[in-house]
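Residue strings, one per chain:
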Amino acid sequence: MPIRLPASESTHRERSPVESPPLNATPAQKLQSNSCRTGPIICGAFEGEVASQDVFTTLVITSPNMNFVPKYPVERQIIQTYTDGRWGLREYSRWPQVLLPEMWHVACIPGRPSPPEIPNTVFSGKTSPQTGVRGLGYVLPHVQQALRDAVQLARLRLNEMENGPLESVRYGKCLLMTLSHAVDRMTQLSASAQISVIVAALVQRLRLEAEGLRTYMKLFRRIGLPVWFLQPLTGSLKVWKIVTPVVPPSGMSRALCNPPILHDTSVMVGVVNLTHNWLRDAKMGISKLVSGSRLPTLAPSEVAQVLAATDDTRAAKRRKIQPTEPESSGSLRRAIVQPVVPPVEETKEKRRRRKRSKRTADPKLEVDAKSDGGSSTSAPNMPPLQADPPQPAREFLASPFCTIPPHWARALKAASPVPRSAASAVFFYPPPFLLDTVSQDAPPPQHVPEGAAVRPDGKVVRYLHNLVRIRRFCRARLFDASMSNQPLTLTEWRAALFGDYKTSQVNGSSTPKTSGSLPPDRKPRGLRRQEERDAISRLLSRVAFLPSYAEDMVFQLDDRLVSRETVRTDPRIRQRLLWESHETNFRCELMALDTLLVQRENWTELNRWEREREVSGVWGDPSSTLGVLPPDAPPGPTTHIWGSLDLSEWRDAVPVLCHFLKIFARWPQYPDVLFDAIHRVSSWTESEFRQLLDVSVDFYVRTFVQVYHRLPIPPIPPPPKSA
């Protein structure tokens, strides 16, 4: 809907089209038809085959080639979203808008569905509830599939138009990136019914815009498009017919969504936008609000100083560690802060506590089988156990239930052991070393790999069984701050896996036991851990609405029902859960580390999305940060070098390693041997490829340890399809 301004107003582009008559003004011109009743076949560009004043007094809307006038979408800085996910009169993919010179393609958006390119999708409040979390679900599968197919066609068609106008090609790439994020949000993150519909409507809106852009790039001309002009009402204007403005069809909702999705919450509803740029701003702003997603940070400020072996962790103080800027202003690298060991003064009370703990220490190592229904502390065919097992988060321990790829095992062994720190290690997902222990009911496999560490834990069957139930919630919370999405400590993950979601009570009340207003570092260690367990219990019982675990419960994993007996007797369940734990933690940790080392606070949303898309290409096709969530079903045998044990077809893995090296190129302390290798990929030999693979994995492990003071979780080969 182009706006025609008179010469006296042509320099005031920021003036509102909604005008108020000045004081002592002459009476407004009255709109009336001043030509014959039937218009000509071809009208002048600024003549009105039809005309309407709508909300205006001194302006009129005319069209030379249409027989109706749509109701004018008065521009607002706040865009309201309705229950069908659309924007009402301001839904630019369905309703004519003020035409912007830089967005001519919006006028080329098709007006009718044409499956499969333009699916005739009708949104409703119904969602698929298969998420394991009450109140959360996904858009219905057939709607998802229709939109995904349409998006795939849009991606292919826009990629074919690389010879079009340069600005349109650039805008198309930006549009596809935004569309990719919206699709990932729709398919991978569960949400309430209203939010799911809004996300699906965003996908369709962007898909329609992509089709309009393709049509515009293909035609290069604005011929035969429906057009309406907003121009001053004068006596010389030719008008053939006066009509009443047409409102949006009844299929578009007129009820506002609850809670509202607003573009600019700092401006009152109804304020007129004077800049005429609301369309691009609103589209990008609401796209970020609805489909934008951020992985919770694993910042160095959460990591305390490294302690000496004789230091008391309860007396340690946290030191805030900030990443510093490099010497070169043109580099995007961040210097990694090395840990500092401050002197710790030991008081008399601490000395007494340390001596008492030594006197009461039990040198025997027993398996806690009480909670798992067992009474024996050993399992058949179990190798001898270590009397003082190391911490798996700080020292590499080979698992008896899965095989770590050799290049990862070598790097992790070289970085072990990591010095103890005052801060507890935190993890995005239940760490694998809570799932690969043994008990009487879950003995190690018959053939334990040489060097594997067999660690006892009588609760492991319960952990594995309950993880089948809570795994979807653990995935969903990663990108939802309302679910307390920060990484959790080992104590918190143990409480989540154990499944007792009743909080401790005092005198029958639900108030957790606390020591008044004592700061965390002054509270007894047992009390602090109890408070952590209570917080997890409240999260899973009051947010996820999950009851406490019971041994007779049966949960669904893909297409099968899993009981406690199934977990105990079928090793494929453990293999599946271990792979998911390794893969999720590996992807999240790599993304979090790259975000810390590379991204800047002044980056735009598109800059951040582009970088996250590059990083996600390490484990698969480039996508968004939501790609850190592995597929629900393992992909089966793969030649992916990060989780592969056999690199006989090493040439197929060269592109993946090159991608890894390019990601690392912006990290600090990047090895020169890797930088030189990127420029001579075609001349790599097999021995050089294996050497570069070892160096790159070792560089990643060392960098992770320097920043977070624990070992990273490595990827492992996926289990067979039947697992």
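For the structure, check the block above.
Just so you know, these numbers come straight off a predicted model, no measurement behind them.

### Digging into the overall build of the protein chain
Within the protein chain one finds 15 helices and nine strands. Within the protein chain, the fraction of its 723 residues that count as buried is 49%. Accessible surface, the protein chain as shown: approximately 35500 Å² in total, 52% of it carbon and sulfur.

### Quick word on a positive patch on the surface
Taken together, the side chains of Arg494, Arg525, Arg529 and Arg533 define a basic patch exposed on the protein surface. The element contributing the most residues to the positive patch is helix 9 (residues 525-543), with three residues. Among the secondary structure elements, Arg533 is positioned in helix 9.

### Regarding the packing of aromatic side chains
Counting across every chain of the model gives 17 aromatic pairs. Both rings, one in Phe56 and one in Tyr72, keep their centres 5.1 Å apart while their planes meet at 70 degrees; by these two values the pair is edge-to-face. Of this pair, Phe56 sits in the loop between strand 1 (50-52) and strand 2 (59-63) while Tyr72 sits in the loop between strand 2 and strand 3 (127-128); the two residues are 16 residues apart in sequence, bridging distant segments of the chain. Accessibility classification places Phe56 together with Tyr72 in one group, the buried group. Ring geometry for Trp408 and Tyr700: centres 5.8 Å apart, planes at 80 degrees, overall edge-to-face. Here Trp408, found in helix 6 (residues 406-415), pairs with Tyr700, found in helix 15 (residues 686-708); they are 292 residues apart in sequence, far enough to count as distant. The rings of Trp408, Phe586, Phe660, Phe664, Trp667, Tyr670, Phe699, Tyr700, Phe704 and Tyr708 are connected pair by pair, giving a single aromatic cluster. We note Arg462 situated over the ring of Phe498; from NZ or CZ to the ring centre the distance is 3.7 Å. Here the guanidinium or amino end of Arg574 rests over the ring plane of Phe401, the centre of that ring lying 3.8 Å away.

### Quick notes on the pattern of salt bridges
When charged atoms on two side chains of opposite charge get close, those side chains can pair. All told, the structure shown has 26 salt bridges when counted by the stated rule. Several salt bridges converge on common partners, so that one network encompasses Arg157, Arg207, Glu211 and Arg214.

### Points about helix 3 (residues 193-219)
Between the first and last C-alpha of helix 3 there are 39 Å, a value that for 27 residues agrees with the 39 Å anticipated at 1.5 Å per step. Taken across its 27 residues, helix 3 has 22 buried, putting it largely inside the fold.

### Looking at the side chain of Thr437
Tracing the chain through its elements places Thr437 in the loop between strand 6 (426-427) and helix 7 (460-476). Ignoring sequence-local partners within four residues, the contact set of Thr437 consists of Phe401, Ala442, Arg455, Pro456, Asp457, Val460 and Arg574.

Rules of the game
- Residues numbered from 1 in each chain as written.
- Predicted model: local features only at pLDDT ≥ 70, side-chain atom pairs only at ≥ 80, totals over all residues.
- Heavy atoms only, no water.
- Helix = DSSP H or I, 4+ residues; strand = E, 2+ residues; numbered from the N terminus.
- Buried < 20%, exposed > 50% of the residue type's maximum accessible area, 1.4 Å probe, protein only.
- Areas by Shrake-Rupley, 256 points an atom, 1.4 Å probe, with all protein chains shown as cover.
- Patch = residues over 30% accessible without salt bridge, like charges linked within 9 Å, V, L, I, M, F, W, Y side chains within 5 Å.
- Salt bridge = Lys/Arg side-chain N within 4 Å of Asp/Glu carboxyl O.
- Lys, Arg positive; Asp, Glu negative; His and termini not counted.
- Charge placed at Lys NZ, Arg CZ, Asp CG, Glu CD.
- Phe/Tyr/Trp six-rings, centres within 6.5 Å; stacked < 30°, edge-to-face > 60°.
- Lys NZ or Arg CZ within 6 Å of the ring centre and 35° of its normal.
- Expected span 1.5 Å × (residues − 1).
- Contact = heavy atoms within 4.5 Å.

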